[in-house]
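What follows is each chain in one-letter form.
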Amino acid sequence: MQEKISVIVPIYNGEKYISQMIDSIRNQSYENFEVLLVEDHSTDNSKKILEIVCNEDNRFKLLEPEDKRGTAVRGQEWALPYCSGKYHFFMSQDDFMDNDLFMKCV
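First things first, this report covers the structure right here in the doc. Just so it is clear, the model here is predicted, and its values are computed rather than measured.

Each helix and strand counted, the protein has 4 helices and 4 strands in total. Each helix and strand of the protein, ordered N terminal to C terminal, gives the series β-α-β-α-β-α-β-α. At 13 Å, the protein has a C-alpha radius of gyration in line with the 13 Å of a compact globule built from 106 residues. Along the first, second and third principal axes, the C-alpha set of the protein runs to 40 × 25 × 20 Å.

With that out of the way, let us pick up the sheet that holds strand β2 (residues 33-39). Strand order in the open sheet made by the 4 strands is β3-β2-β1-β4, with parallel pairing throughout. Whereas interior strands pair on both sides, the edge strands pair on one side only; in this sheet they are β3 (60-63) and β4 (87-90). Each strand of the sheet is rotated relative to its neighbour by a mean of 25°, with strand direction disregarded. Each of β1 (5-11), β2 and β3 touches helix α1 (residues 15-26); the most contacted strand, β2, lies at about 165° to it.

With that out of the way, let us pick up unusual backbone geometry. In this structure, Asn-13 is a non-glycine residue whose phi angle is positive, near 50°. Positionally, Asn-13 belongs in the loop between β1 and α1. For His-41, which is not a glycine, the phi torsion comes out positive at approximately 65°. Looking at the secondary structure, you find His-41 in the loop between β2 and α2 (46-56).

All right, on to the packing of α1 against α2 then. One can describe the packing of α1 onto α2 by two numbers: an axis separation of 9 Å at closest approach and a directional angle of 20°. When the axes of α1 and α2 are compared, the pair comes out roughly parallel. Between α1 and α2 lies a crossing of right-handed hand. Contacts between α1 and α2 involve Glu-15, Ile-18, Ile-22 and Arg-26 from the first element and Ser-46, Ile-49, Leu-50, Val-53 and Glu-56 from the second. A breakdown of the residues in the contact of α1 with α2 according to their chemical character gives 5 nonpolar, 1 polar and 3 charged.

An α-helical segment advances 3.6 residues per turn. Residues three or four places apart therefore align on the same side. In a regular helix each residue adds 1.5 Å, so 12 residues correspond to 16 Å; α1 covers 17 Å between its end C-alpha atoms and thus fits that length. Among the residues making up α1, those that are buried are Ile-18, Met-21, Ile-22, Ser-24 and Ile-25. Here the buried residues of α1 occupy an arc of 160° about the axis, which is enough to place them on one side. Among the structural elements, β1, β2, α2, β3 and α4 (101-105) are those in contact with the buried residues of α1.

Once that is clear, we can look at the nonpolar core. Membership of the largest hydrophobic core comes to 20 residues, with the highest contact counts inside it found for Ile-25, Leu-37, Phe-60 and Phe-102. Within the residue set of this core, elements represented by two or more residues are β1, α1, β2 and α2. The contacts of Phe-60, once residues within four sequence positions are left out, are Ile-22, Ile-25, Arg-26, Phe-33, Val-35, Leu-37, Val-53 and Cys-54. With 6 residues, the next largest nonpolar core counts Ile-8, Val-38, Leu-63 and Cys-83 among its residues.

The rules behind each value
Residues numbered from 1 in each chain as written. Predicted model: local features only at pLDDT ≥ 70, side-chain atom pairs only at ≥ 80, totals over all residues. Heavy atoms only, no water. Helix = DSSP H or I, 4+ residues; strand = E, 2+ residues; numbered from the N terminus. Rg over C-alpha atoms; globule rule 2.2 N^0.38 Å. Pairing = 2+ DSSP bridges. Axes fitted to C-alpha atoms, helices over the stretch in contact; angles between N-to-C directions. Contact = heavy atoms within 4.5 Å. Parallel < 35°, antiparallel > 145°, perpendicular 65-115°, else oblique. Left-handed = near helix turned anticlockwise from the far one by under 90°. Nonpolar A, V, L, I, M, F, W, Y, C, P; charged D, E, K, R; others polar. Expected span 1.5 Å × (residues − 1). Buried < 20%, exposed > 50% of the residue type's maximum accessible area, 1.4 Å probe, protein only. Arc of directions from axis to C-beta. Core = buried A, V, L, I, M, F, W, Y, C linked by side-chain atoms within 4.5 Å.

Put into structure tokens, the structure is as follows:
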């Protein structure tokens, strides 16, 4: 059985890149992962896009801190207790990856 990977992605006004980033995760050959999307009070359509993604694929979870985190690192730190995977992977809202990246990492 594959060990689970927890992916944390802080999001702030990332609507321009979110779809490509999500697709690069969905297309991974390694399938046992969860994605924690930390929505940091965006003022664009990021939250709406993330809600659709989370409704379509239960591996994606929308997390919304009460207070603005302000930086990607603070968003990542905030989300760590929500991770259920053995491995943790951090990425930015504008990162894209090859389809076999998780497989190579594990």
